[in-house]
Amino acid sequence: MSKELSKTYDPSGIEDRIYAKWLEKKYFHAEVDERKKPFTIVIPPPNITGQLHMGHALDNTMQDILIRYKRMQGYNALWQPGTDHASIATEVKIIEKLKEQGIDKHDLGREKFLERAWEWKKEYGGRIVSQLKKLGSSCDWDRERFTMDEGCNKAVTKVFCKMHEKGWIYKGSRIINWCPVCNTSISDAEVVYEEQSGHLWYINYPLVEADGTPSKTEFLTFATTRPETMLGDTAVAVNPDDERYTYLHGRSVWLPIVNKAIPVVEDNYVDVEFGTGVVKITPGHDPNDFEVGKRHNLPIINIMNDDATINENGGEYAGLDRYEARKRIVEKLKDLGLLVKIEDYSHNVGTHDRCHATIEPLVKEQWFVKMDELIKPAVKAVQDGDIKLVPERMNKTYFNWTDNIRDWCISRQLWWGHRIPAYYCDKCGHMVVADHAVDTCPECGGHMTQDPDTLDTWFSSALWPFSTLGWPEKTKELEYFYPTDVLVTGYDIIFFWVIRMIFSGFEQMGEKPFHTVLFHGLVRDDKGRKMSKSLGNGIDPLEVIAKYGADALRLTLITGNAPGNDMRFYYERVENSRNFANKVWNASRFIMMNMEGKEIHEPKSLEPADQWILSSLNNLVKDVTENLDRYELGIAVQKVYDFIWEQFCDWYIEMVKPRLYNTDDAESQNAALWTLKTVLIDALKLLHPYMPFVTEEIFCSIQDEEESIMISKWPEYREDRNFPKQERDIEIIKSAVRGIRNVRSEMNVAPSKKAEVYVVSDKVEIRRTFEEGKLFFASLAYASEVNIQADKTGIADDAVSVVIADATLYIPFAELVDIAQEIERLTKEAERLTGELNRSRGMLSNERFISKAPEQKVAEEKAKLEKYEQMMAKVQERLTQLKG
RNA sequence: GGGGUCAUAGCUCAGCCGGGAUGAGCGUUCGCCUCACACGCGAAAGGUCAGGAGUUCGAUCCUCCUUGGCCCCACCA
């Protein structure tokens, strides 16, 4: 049955072999089965450009834990996998690659470019998937999807058409964020603000005289960080309540360089406190100015080309880069004597989250999703707890966004992505939005051309929970698995993705996409810095797997961290996880070695130690299950870890060794072996979601009945394995042993010396249990035998005499340290009990409590009070005894 | 400007929404290669739970204030 196992656990080789077996047996595959309850998770689709990083590793480990746990609990567990086309990220990559070959995207043309993109997808798109497999992810790979596969495309087009019909998708000319490097518009969420040091230029505009010419004496001073935008100025604004400038009302100022008059407008947007209290208004290139312009009907002048060079509206500056134009305009203003001063100024500048180029606000015609109505059910669902965010504090972040929501700019000037299903007539300009290609204009019969733009990559991700299950077709999968259960993701994409999935789910399916969102934090480096390519501080999960095994990596990512918090990753922690895998391995190896050649049967009677460990395991099962149900993955596994290492390995296995080695008592030996095996198997099951490989490997070696731990049954709490008395007894024995070890260590007793311990105690249970018994702790130090014998000598009650190296020590039984410490402890205990007694008495003398609280509560309180009083009496008695 | 979050052992962090700081890993000190495991075993040292005030019989946990980090959102020209 069992075979020779190596001394240390070596995950390499084992993991791939086991994963291949799981795949072959189709354990990951879920079919619709009305007899079973579904449990569904959709994967946050990794980008096809992606390489597995620590964030993925964490995210997918969490999902795998939940899905394996539920699968073992008997749910029909589906982990729906897939990848994301990642419109802009991929396009950028392909452009880069083309550049290496000296090819420009536009020279290649759209069609050829897309061919390259698909080739690229074919070549690299599967890379991340194979990396996820290395991690042990139990995704149903037969159902793998892609955001640009046929079904998803259908879903996207359908949603676009539906929402357009409803008026919730519209085309409009608005100020948008323009990335001059990527040459596309981007949504607000994609803008990241970076602190940049720049300058504040104070500039004078001359007032306009009554005859329409610029004044030579009267000037208006204002400050700007972007002087070049003056080419597009169409007004100057002051606050209507600013008394300094009331004289300006109704007047105009002269726009130098451009040489024309522009009006002074009054608007509350202007902050009286800042700068000079005067703002130049450039509606074409500033979101706030755009709003001001709308309020005052100001013309919009676009002065910039898509590549952020100045266009023909910039006169002599046309063709210059924005920064070059800035330089020259400042020089010119200086020459004109209109430059007042330059201050150093540090301010936030919007940049593109992909390429970090400074974004340029531009007025362009783009497609938008109207958010005000769409967002309502999404807000309500979280408010009502219909969708739970874990940890709960994420609600605030969520509402912070929904309360300030703006329309979503969904069109991108990119080629790789879902092309907008809008068609325009070349002749009359008529537009048709349709879910099929439209060639001829229904109005004039002219030729129609499709909108060149594609959709924001998050548009398709928003539909992911139902598009992957077959929507818009009415599939049995959709019926059965939707709504899904838990979504696991990082808090950093709550706006990009989570909210958009929620409102899309309600809008398209009429139902939430999932009932729980489990957020995790960022994985940082050992110094707490974000892992990034530019810093070069990223740790490759695949390297960690290669060196320590996937189990060790998984355990490291899950422990020592509360939900939603960022975590630091460092190798010492991985080593600890690896050590734990090894510990489990060796404990199992020990048990298997002792099982060798023996027929183990369920014992007729168990010894207290066996009952103790079974009972502890029983509690553990309950604890772990409860914590998993609360998504406390870290706490749950910590408990398994402690149980296996401390209770099971350090105590139980050591306690049981004499029985294993004693061939005279076959019954006792069998009971010990049966218990070892039983406890180990259940503990392995509890550990399996976290460390799937090592647990599977051991499980398959130690028993023949079942072929895989991953489809075995999750342990359940059993009343018949609840032995509270034995738990207490063994705890006392443990504290006795600890006390003895303590004394040994402090007295520096040579390992070869034998320690004899005589217990004289009124603890009847102990006496009965270990009467003339022998506890052998090989690990105590060499040959330390602890004889616990009753009534050996007549020492005081509750004390132990330890004979070590010919000296006899007396140790108080309760603590087995010394009397002073016990007195201290008891004094504290008395203090605590005083508090408890006061509270309890207070409550019971409170009429309102007596009259209003449920009877059961009052009874409980009374019982408590009685208990406290008894405890207090005991403590007091013992204290006087000790002091006396 | 708005919001969140953190401050617990030398380091990194847990601590179950008021009741003995039970802590964990790493590190440190001491003793051990004991026939599962030195990726191990045993023992120990180390914390006025940031500071202050309040509520309470009782606060690391609740309220307020102060200080110092981190993050998100908005963005003032």
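Above this text is the structure in question.
Residues numbered from 1 in each chain as written. Chains lettered and ligands numbered in written order. Predicted model: local features only at pLDDT ≥ 70, side-chain atom pairs only at ≥ 80, totals over all residues. Heavy atoms only, no water.

1. A few points about the overall build of chain A
How we decide: A run of H or I in DSSP becomes a helix once it reaches four residues, and a run of E becomes a strand once it reaches two; helices and strands are each numbered from the N terminus. Under the scheme applied here, a residue whose accessible area is under 20% of the maximum for its type counts as buried, over 50% as exposed, and between as partly exposed, the area being computed with a 1.4 Å probe on protein chains only. Areas reported as accessible are Shrake-Rupley estimates using a 1.4 Å probe. Residue values count occlusion only from the protein chains shown.
When helices and strands are counted, chain A shows 27 helices and 30 strands. In chain A, which comprises 884 residues, the proportion classed as buried is 54%. For chain A, the computed accessible surface area is about 40,500 Å², with 48% contributed by carbon and sulfur atoms.

2. With respect to the pairing of strand β2 (residues 76-80)
The test is simple: If DSSP finds at least two bridges between two strands, the strands pair. A crossover counts as right-handed when, viewed with the strands pointing away from the observer, the path leading from the first strand over the helix to the second turns clockwise.
With respect to burial, β2 is a largely interior element, five of its five residues being buried. Alignment of strand β1 (residues 38-42) against β2, held across five bridges, turns out to be parallel. Each residue of the ladder has a partner; that of T40, found in β2, is L78. As for the winding sense of the linkage, the β-α-β connection from β1 through helix α2 (residues 54-72) to β2 is right-handed.

3. Digging into the nonpolar core
Heads up, the rule is: Think of a nonpolar core as a cluster: buried Ala, Val, Leu, Ile, Met, Phe, Trp, Tyr and Cys residues, connected wherever their side-chain atoms sit within 4.5 Å. Note on definitions: a residue-residue contact is assigned when non-hydrogen atoms from the two residues lie within 4.5 Å.
One finds F459, F648 and Y690 to be the most contacted residues of the largest nonpolar core, which totals 166 residues. Ranked by residue count, the leading element in this core is helix α20 (residues 633-661), at 15 residues. Non-local contacts of F459, meaning those with residues more than four positions away in its chain, are made with V156, V159, F160, I169, V369, W408 and I410.

4. Looking at the pattern of salt bridges
Selection criterion: For salt bridges, the criterion is a side-chain nitrogen of Lys or Arg within 4 Å of an Asp or Glu carboxyl oxygen.
Counting across every chain of the model gives 48 salt bridges. Note that E360 and R226 form a salt bridge whose closest N and O atoms lie 2.9 Å from each other. Placement of the pair is E360 in strand β14 (residues 360-369) and R226 in the loop between β8 (214-224) and β9 (235-238), with a sequence separation of 134 residues. Owing to a relative accessible area of 4%, E360 belongs among the buried residues under this scheme. A relative accessible area of 19% places R226 in the buried class. Between K376 and E373 there is a salt bridge whose closest N-O contact spans 3.0 Å.

5. Digging into helix α11 (residues 394-403)
Here is the rule: As used here, the arc belongs to the directions running from the helix axis to the C-beta atoms.
Among the residues making up α11, those that are buried are M394, N395, Y398, F399 and T402. Considered in projection along α11, the buried side chains sweep an arc of 130° and stay on one side of the axis. Away from its buried face, by an angle of more than 90 degrees, α11 presents the exposed residues K396 and D403. On its buried face, α11 sits against α10 (375-383), β15 (388-390), α15 (494-509) and β23 (516-520).

6. Some thoughts on the sheet that holds β15
Definition in use: Interaxial angles span 0 to 180 degrees and are taken between N-to-C directions of axes, which are lines fitted to C-alpha atoms, for helices over the stretch in contact.
Strands sit in the order β15-β23-β22 across an open sheet of three strands; the sheet is parallel. The strands lining the two open edges of the sheet, one partner per strand, are β15 and β22 (486-490). Across the sheet, the mean angle separating the axes of adjacent strands is 20° when strand polarity is ignored. Where β15 lies against β23, three bridges are found, and the strand directions are parallel. Bridged to K388 within β23 is T516.

7. Remarks on the environment of C428
With respect to the helices, strands and loops of the structure, C428 is situated in the loop between β18 (422-425) and β19 (431-433). A relative accessible area of 42% places C428 in the partly exposed class. Apart from the residues within four sequence positions on either side, C428 is in contact with C441, E443 and C444.

8. Here's the deal with unusual backbone geometry
Here the amide bond leading from V390 into P391 is cis, since omega sits at 0°, within 30 degrees of zero. Within the element layout of this structure, P391 appears in the loop between β15 and α11. Despite not being glycine, N183 has its phi angle at roughly 60°, a positive value. Topologically, N183 is positioned in the loop between β5 (169-179) and β6 (184-186). A relative accessible area of 33% means that N183 is categorised as partly exposed. A positive phi angle, near 60°, is found at H356, a position not held by glycine. Take H356: it is sitting in the loop between β13 (339-352) and β14. Judged by relative accessible area, which is 43%, H356 ranks as partly exposed.

9. Some details on the sheet that holds β6
Taken in spatial order, the four strands of this open sheet run β6-β5-β14-β16, and their pairing is antiparallel. At either end of the open sheet lies a strand with only one pairing partner, and these are β6 and β16 (408-409). Sheet topology note: the β5/β6 ladder contains three bridges and is antiparallel. Looking at β6, one finds that W178 is bridged to S185.

10. With respect to the state of the cysteines
Note the threshold: Any two cysteine sulfur atoms within 2.5 Å of one another count as a disulfide.
The tally for this structure, following the rule as stated, stands at zero disulfides. In this structure C179 is not part of a disulfide, and its nearest cysteine sulfur, from C355, lies 3.4 Å away. Cysteine C428 shares no disulfide, and the gap to the nearest cysteine sulfur, in C444, comes to 3.6 Å.

11. Let's talk about the environment of M72
By secondary structure assignment, the location of M72 is in helix α2. Once the C-alpha coordinates of M72 and F274 are considered, the two residues, 202 residues apart in sequence, prove to be 63 Å apart. Excluding anything up to four places from it in sequence, M72 contacts K685, H688, I709, M710, S712, K713 and W714.

12. Some points on helix α21 (residues 666-687)
Condition: In this analysis, the expected span of each helix is defined as 1.5 Å times one less than the number of residues it contains.
In a regular helix each residue adds 1.5 Å, so 22 residues correspond to 32 Å; α21 covers 31 Å between its end C-alpha atoms and thus fits that length. Most of α21 is tucked away: 20 of the 22 residues are buried.

13. Re the packing of helix α19 (residues 608-629) against α20
Basically, it comes down to this: Throughout this description, any angle smaller than 35 degrees is read as roughly parallel, any larger than 145 degrees as roughly antiparallel, any in the 65 to 115 degree range as roughly perpendicular, and the remainder as oblique. In this count, Pro and Cys sit with the nonpolar residues alongside Ala, Val, Leu, Ile, Met, Phe, Trp and Tyr, while Asp, Glu, Lys and Arg are called charged and the others, Gly among them, polar.
Close contact between α19 and α20 brings their axes to 10 Å; oriented N to C, the two are set at 170°. In terms of orientation, α19 and α20 fall into the roughly antiparallel class. Taken together, the residues that form the contact of α19 with α20 break down as 17 nonpolar, three polar and four charged.

14. Considering the packing of aromatic side chains
Here is the rule we go by: Stacked, edge-to-face and tilted labels apply to pairs of Phe, Tyr and Trp rings (six-membered ring for Trp) whose centres lie within 6.5 Å, assigned for plane angles under 30 degrees, over 60, and everything in between, in that order. Only lysine NZ and arginine CZ atoms are considered, and such an atom sits over a ring when it is within 6 Å of the ring centre and within 35 degrees of the ring normal.
Counted under the stated rule, the structure contains 32 aromatic pairs. Ring geometry for F648 against Y652: centres 6.2 Å apart, planes inclined by 15°, an arrangement best described as stacked. Within this pair, F648 and its partner Y652 are both found in helix α20, separated by four residues, close to a single helical turn. Note on accessibility: F648 and Y652 belong to one class, buried. Three or more aromatic residues joined by ring pairs make a cluster, and in this case those are F160, W367, W408, F459 and F503. When the ring centre of W22 is taken as origin, the NZ or CZ atom of R68, which lies over that ring, is 4.4 Å away. Directly above the ring of F590 sits K657, whose terminal nitrogen or CZ lies 5.5 Å from the centroid.

15. A look at the environment of S187
With respect to the secondary-structure elements, S187 resides in the loop between β6 and β7 (191-208). With relative accessibility at 2%, the residue S187 sits in the buried group. Residues S187 and I410 lie 223 residues apart in sequence; the distance between their C-alpha atoms is 7.1 Å. Contact partners of S187, with chain neighbours within four places excluded, come to N177, W408, C409, R412, D456 and R500.

16. Points about the side chain of D33
Tracing the backbone shows D33 in the loop between α1 (14-25) and β1. When near neighbours in sequence (up to four residues on either side) are disregarded, D33 contacts N76 and Y480.

17. Side note on a negative patch on the surface
Note the following rule: Excluding any residue in a salt bridge, patches collect residues exceeding 30% relative accessible area, merging like charges within 9 Å and nonpolar Val, Leu, Ile, Met, Phe, Trp and Tyr side chains within 5 Å. Only four residue types enter the charge count, namely Lys and Arg as positive and Asp and Glu as negative; His and the chain termini do not. To locate a charge, take atom NZ for lysine, CZ for arginine, CG for aspartate or CD for glutamate.
Together, E111, E115, E119 and E123 make up a region of like negative charge exposed at the surface. With respect to the secondary-structure elements, E123 resides in helix α5 (residues 110-124). Note on E123: relative accessible area 53%, which makes it exposed.

18. Looking at the side chain of D525
Defined as follows: Whenever two N or O atoms come within 3.5 Å, that pair is a polar contact, provided that in protein one can donate a hydrogen and the other can accept it, and provided that, for residues adjacent in sequence, both atoms are side-chain atoms.
As for its placement among the helices and strands, D525 is situated in the loop between β24 (523-524) and α16 (541-548). Side-chain polar atoms of D525 contact the backbone nitrogen of K527, separated by 2.9 Å. Within the structure, the side chain of D525 is placed 3.0 Å from the side chain of N537, a separation counted as a polar contact.

Everything listed is a geometric property; what it means functionally is a separate question.
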